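Spelled out, the chains give:
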Amino acid sequence: MIWNVVSDSSCDLRMASFQDSPVRFETVPLRIQVGEREFIDNDDLVIPDLLAAMAAEKAAASTACPSPAAFARAFEAGDCTVCFTISANLSGTYNAAVMGRDMVLEEHPEKKICVIDSKATAGAMALLIHRAIALMKDAAEDAFEDICDQLRLYQAALRTCFTLENFDNLIKNGRMRPLVGNLLHSLGIHVIADATPQGTIHVADKARGEAKTCKAIAALMGASKDCTGARVVISHCENLPGALKLKQVIQEALPVKSVDIISCRGLTSFYAMEKGLIIGY
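Let me begin by describing the structure that accompanies this report. (Residues numbered from 1 in each chain as written. Predicted model: local features only at pLDDT ≥ 70, side-chain atom pairs only at ≥ 80, totals over all residues. Heavy atoms only, no water.)

**Examining the overall build of the protein chain**
Counting its secondary structure elements, the protein chain contains 10 helices and 13 strands. A compact globule built from 281 residues would reach a C-alpha radius of gyration of about 19 Å, and the protein chain, at 19 Å, matches this within 12%. Each of the three principal axes of the protein chain carries a C-alpha extent, and together these read 60 × 45 × 30 Å. When each of the 281 residues of the protein chain is scored for burial, the buried share is 50%. A sequence separation of at least 24 residues applies to 72% of the contacts in the protein chain between residues at least 6 apart. Accessible area for the protein chain stands at about 12900 Å²; split by element, carbon and sulfur atoms hold 51% of it. Positive and negative side-chain charges of the protein chain, numbering 28 and 34 respectively, have mean locations separated by a distance of 8 Å. (Helix = DSSP H or I, 4+ residues; strand = E, 2+ residues; numbered from the N terminus. Rg over C-alpha atoms; globule rule 2.2 N^0.38 Å. Buried < 20%, exposed > 50% of the residue type's maximum accessible area, 1.4 Å probe, protein only. Contact = heavy atoms within 4.5 Å. Areas by Shrake-Rupley, 256 points an atom, 1.4 Å probe, with all protein chains shown as cover. Lys, Arg positive; Asp, Glu negative; His and termini not counted. Charge placed at Lys NZ, Arg CZ, Asp CG, Glu CD.)

The structure is reproduced here in structure tokens:
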């Protein structure tokens, strides 16, 4: 029997990191359109190339979710599959995964497929994936529904927040006036936002400078839930020094169990832009 974990590429995990896992893992890539160029968000995507293309392109870039057929191919590779997607309120990816599931079950009704809306992205999805793999190791097939129930409960307990330092993408997409974006950047002001339980984005705070931003993020995390024993994942967009500084502040301020750092893939780089940080906990 093959246990199978599938995610869209906004989880920020690379398939190459799971080659020795007893549980099969696959990411289904989103696509990013920058002018006439299309970037596939797979393990081979070079993030600095994507960011450079976005900076050079005057028009707004756009993203496209995977097709139902792409999810169906990933689901067909396993007997028992759990799939995680970026928030359904931010993308059509969840709906595409559900359609892919229905396509497979029509042809293979014996397969078991569970699609879970993470209501988040990046680190929160990475935490869900690692929890799923841990639960699936040595599990019996009749444990599938229980595993899905545990993952749904875990998802509901997770939180996501992020900070932006570059506002070019928001300006080009008409979500921020150029004057405001340029003023925030010139003053060194970081926008701090979090994800609501419904998976939408809420601007929670603003801070000036790296040190105050890190403290504000730790304060937001502590106010949003009891972080005792929590696992934290920080995704950074070409900003390892900033991620390391934030890790230090979180460990000093909160009773978390661990803080892992990963680099953003294409979709999260598209949203976070250079020096952005996304925290799942």
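**Focus: the pairing of strand β3 (residues 31-34)**
Remark: a regular strand shows side chains that alternate across the two faces of the sheet. Of the two faces of β3, the one lined by Ile32 and Val34 is fully buried and the one lined by Arg31 and Gln33 carries no buried residue. Taking the residues between adjacent antiparallel strands as the criterion, β3 and strand β4 (residues 37-40) are bridged by two residues, where glycine 35 takes a positive phi near 60°. By the bridge criterion, three bridges tie β3 to strand β5 (residues 62-64) in an arrangement that is antiparallel. Across the sheet, the residue bridging to arginine 31 is alanine 64, located in β5. (Pairing = 2+ DSSP bridges.)

**Quick notes on the packing of helix α8 (residues 210-224) against helix α9 (residues 240-253)**
The contact between α8 and α9 brings their axes to 9 Å, and the two run at 45°. The angle between α8 and α9 places the two elements in the oblique class. Handedness of the crossing formed by α8 with α9: right-handed. Only Gly242, Lys245, Leu246, Val249, Ile250 and Ala253 of α9 make contact with α8, whose side of the interface consists of Glu210, Cys214, Lys215, Ile217, Ala218 and Met221. Of the residues assigned to the contact of α8 with α9, the class counts are eight nonpolar, one polar and three charged. (Axes fitted to C-alpha atoms, helices over the stretch in contact; angles between N-to-C directions. Parallel < 35°, antiparallel > 145°, perpendicular 65-115°, else oblique. Left-handed = near helix turned anticlockwise from the far one by under 90°. Nonpolar A, V, L, I, M, F, W, Y, C, P; charged D, E, K, R; others polar.)

**Brief notes about the environment of glycine 123**
Its place among the elements puts glycine 123 in helix α4 (residues 123-136). Given the relative accessible area of 0%, glycine 123 is considered buried. Measuring from C-alpha to C-alpha, the distance between glycine 123 and isoleucine 262 comes to 8.3 Å, with 139 residues separating the pair along the chain. Those residues in contact with glycine 123, other than ones at most four positions away along the chain, are Val233, Ser235 and Gly280.

**Focus on the side chain of threonine 85**
Within the secondary structure, threonine 85 sits in strand β6 (residues 80-85). Take threonine 85: its relative accessible area is 0%, and that puts it in the buried class. Ignoring any residue separated from it by four or fewer positions in sequence, one finds threonine 85 in contact with Asp8, Thr93, Tyr94, Ala97, Val115, Ile116, Asp117, Ser118, Lys119 and Met125.

**Notes on the packing of helix α2 (residues 68-76) against helix α3 (residues 93-107)**
The interhelical angle for the contact between α2 and α3, taken along N-to-C directions, is 55°, at an axis separation of 7 Å. One element, α2, and the other, α3, form an angle in the oblique class. Handedness of the crossing formed by α2 with α3: right-handed. For the pair formed by α2 and α3, the contact residues are Pro68, Ala69, Phe71, Ala72, Phe75 and Glu76 on the first element and Thr93, Ala96, Ala97, Met99, Gly100, Arg101, Met103 and Val104 on the second. By residue class, the composition of the contact of α2 with α3 is 10 nonpolar, two polar and two charged.

**Observations concerning α3**
For α3, spanning 15 residues, the distance from its first C-alpha to its last is 22 Å, which sits close to the expected 21 Å at 1.5 Å a residue. For α3, the set of buried residues is Thr93, Ala96, Ala97, Val98, Gly100 and Val104. (Expected span 1.5 Å × (residues − 1).)

**Observations concerning the packing of aromatic side chains**
Counted according to the given criterion, the structure contains four aromatic pairs. Both rings, one in phenylalanine 18 and one in phenylalanine 25, keep their centres 4.5 Å apart while their planes meet at 45°; by these two values the pair is tilted. Judged by relative accessible area, which is 12%, phenylalanine 18 ranks as buried. Residue phenylalanine 25 is classed as buried on the basis of its relative accessible area of 6%. For the cation-ring pair, arginine 131 lies above tyrosine 154, with the distance from its terminal atom to the ring centre recorded as 3.8 Å. (Phe/Tyr/Trp six-rings, centres within 6.5 Å; stacked < 30°, edge-to-face > 60°. Lys NZ or Arg CZ within 6 Å of the ring centre and 35° of its normal.)

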